[in-house]
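# Structural description and commentary
Listed below are the residues making up each chain.
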Protein chains: 2
Amino acid sequence: MEQQQISTYLLKNGIRPLQKRVKIMGYLVSKRNHPTVEMIYSDLVHEIKGLSKTTVYNVLNLFVQSGVALALNIEGNEIRYDADTSTHGHFKCRVCSGVIDFRIKQEELPKPMLDGFRIEEHHFYLMGVCSFCCNKIEA
Amino acid sequence: MEQQQISTYLLKNGIRPLQKRVKIMGYLVSKRNHPTVEMIYSDLVHEIKGLSKTTVYNVLNLFVQSGVALALNIEGNEIRYDADTSTHGHFKCRVCSGVIDFRIKQEELPKPMLDGFRIEEHHFYLMGVCSFCCNKIEA
DNA sequence: ATTAATTTTGTAATCATTACAAAATAATAC
DNA sequence: GTATTATTTTGTAATGATTACAAAATTAAT
Ligand SMILES: [Mn+2]
Ligand SMILES: [Mn+2]
Ligand SMILES: [Zn+2]
Ligand SMILES: [Zn+2]
């Protein structure tokens, strides 16, 4: 996606499209790898002069609050970020630690009986070993 | 559940039923409130002479590795523990922070197409406002 | 009762995240 | 454009949950 498209997208969601914000959103959108703050910072610090890790935290928190990114709590020691806010599920490989998407339709999600509850977010994720790592192991 | 039943259960799962382990498992089984380490420690420290928080961590890690407890990563800053290892989902209220169970049948869970993947764990949870807190808010 | 193995404890270390005030940047007014 | 004001970014320190580790205590085996 172009920087210009990203700027427009951020603006539409009430976020001023400052340079570092656009770069971080561009990174999320193009890599689609559900990175941690550490991954984003270490990849972008070379490209953005004088980037601070605190800024990465600030910008991601802003993105989540504004609804343009999801914070995924798959394992307790790290948060992973996702610019895809549509309904979908995640698989995390316990060998390579990769997180990949899978599509789920909203109507495929179980509908638990929770009368009087206001349900705001659905989270569905799987853990296991990805096909790449399965092949490596049996080889 | 009786202490004796818990001891037998732990033994069957390869865990020596030492006093503190039985007490901690008894707490999990009887309260069913998906407590954090902090909650378990502060509730049991009065009842068990000289309990250490490190022991709570050690015992819970042992339980999870042995398959008699689940570690729930619903929000990134805390792990909640559950002695119910059957297939079920969780709802977390963002007002009162309570975590409650709901039943899901294994066959109700979406079956994503992940050819060649080894799927070992399913996690399904919801966030929102529980019925109790909904009532309080509108009142 | 001795000895050996396991568990528990207390403290320090680690690691991700947040708090905060100063410096830098961007927007607005003149 | 320059001065003024508001917002953002930075660097460092603080926080909080978890783990590492070695000594002390407990449990099992001889
Ligand atoms: Mn995703
Ligand atoms: Mn549960
Ligand atoms: Zn893998
Ligand atoms: Zn509630």
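Relevant structure appears above.
Let us look at the pattern of salt bridges. For the coordinates displayed, the defined rule picks out 14 salt bridges over all chains. Of the charged contacts in the structure, one is a salt bridge between aspartate 43 of chain A and lysine 31 of chain A, with a shortest N-O distance of 3.8 Å. Of the two residues, aspartate 43 of chain A sits in helix α3 (residues 37–44) while lysine 31 of chain A sits in helix α2 (residues 19–31), which places them 12 residues apart along the sequence. For arginine 103 of chain B, the salt bridge identified is with aspartate 84 of chain B, shortest N-O distance 3.4 Å.

Lining the immediate environment of DNA strand D, one finds 16 residues, of which Lys20, Arg21, Gly50 and Thr55 of chain A together with Tyr57 of chain B sit closest. Backbone atoms, meaning sugar and phosphate, make up 78% of the atoms of DNA strand D lying within 4 Å of the protein. For DNA strand D, a phosphate oxygen lies 3.2 Å from a polar atom in the backbone of serine 52 of chain A. At a separation of 3.4 Å, a phosphate oxygen of DNA strand D approaches a polar backbone atom of isoleucine 79 of chain B.

Moving on to the sheet that holds strand β5 (residues 118–129) of chain A. The strand order β4(A)-β3(A)-β5(A)-β5(B)-β3(B)-β4(B) describes an open sheet built from six strands, whose pairing is mixed. Two strands in the sheet have a free side with no partner beyond their single neighbour: β4 (99–103) of chain A together with β4 (99–103) of chain B. Averaged over all neighbouring strand pairs, the angle between strand axes comes to 30°, with direction disregarded. Of the strand pairs in this sheet, strand β3 (residues 88–93) of chain B and strand β5 (residues 118–129) of chain B are connected by four bridges, and their pairing is parallel. Residue pairing for β5 of chain B: phenylalanine 91 of chain B is matched across the bridge by leucine 126 of chain B.

Moving on, we get to the relation of the copies chain B and chain A. Superposition record for chain B on chain A: RMSD 0.0 Å, screw rotation 180°, translation along axis 0.0 Å. Read as a symmetry element, the transformation amounts to a two-fold axis. If distances are taken from each C-alpha of chain B to the rotation axis, the shortest is found for phenylalanine 124 of chain B, at 2.3 Å. Mapped onto chain A, 100% of the interface residues of chain B again fall at the interface, so both copies present the same surface.

Take helix α4 (residues 53–66) of chain A next. Residues and elements named next belong to chain A. With 14 residues, α4 extends 20 Å between its outermost C-alpha atoms, agreeing within 8% with the 20 Å of an ideal straight helix rising 1.5 Å per residue. The set of residues buried in α4 consists of Val56, Val59, Leu60 and Phe63. What you see down the axis of α4 is that its buried residues fit within an arc of 100°, all on one side. If you follow the buried residues of α4, they end up packed against α1 (3–12), α2, α3 and β2 (80–82). Measuring from the backbone nitrogen of threonine 54 back to the side-chain oxygen at the start of α4 gives 3.0 Å, which picks out serine 52 as the cap.

What counts and how
- Within any chain, residue numbers begin from 1 and follow the written order of that chain's sequence.
- Chain letters and ligand numbers both follow the written order, the letters beginning at A and the numbers at 1.
- Note on the predicted model: pLDDT of at least 70 is required for a residue's local features to be given, and 80 or more for side-chain atom pairs to be given and counted; whole-chain, interface and lining totals, by contrast, use all residues.
- Hydrogen atoms and water are omitted, and side-chain values are computed over all heavy atoms in the structure.
- Salt bridges are defined as contacts in which a side-chain nitrogen from Lys or Arg sits within 4 Å of a carboxyl oxygen from Asp or Glu.
- Comment: elements are numbered from the N terminus, with helices defined as DSSP H or I runs of at least four residues and strands as E runs of at least two.
- Residues are counted as near a molecule or strand when any one of their heavy atoms sits within 4 Å of it.
- Any pair of N or O atoms that falls within 3.5 Å is considered a polar contact. Within protein, one atom must be able to donate a hydrogen and the other to accept it, and sequence-neighbouring residues count only if both atoms are side-chain atoms.
- Two strands make a pair as long as DSSP finds a minimum of two bridges between them.
- For helices, the fitted line uses only the C-alpha atoms of the stretch in contact; every axis is such a line through C-alpha atoms, and the angle between N-to-C directions lies from 0 to 180 degrees.
- A residue counts toward the fit only if its pLDDT is at least 70 in both copies, and the copies are then superposed by least squares on the C-alpha atoms of those residues.
- The contact criterion used throughout is that any non-hydrogen atoms of two residues lie within 4.5 Å.
- The span expected for a helix works out to 1.5 Å for each residue beyond the first.
- Any residue under 20% of the maximum accessible area for its type is buried, any over 50% is exposed, and the rest in between are partly exposed; the area is computed with a 1.4 Å probe on protein chains only.
- Read the arc as the range of directions from the helix axis to the C-beta atoms.

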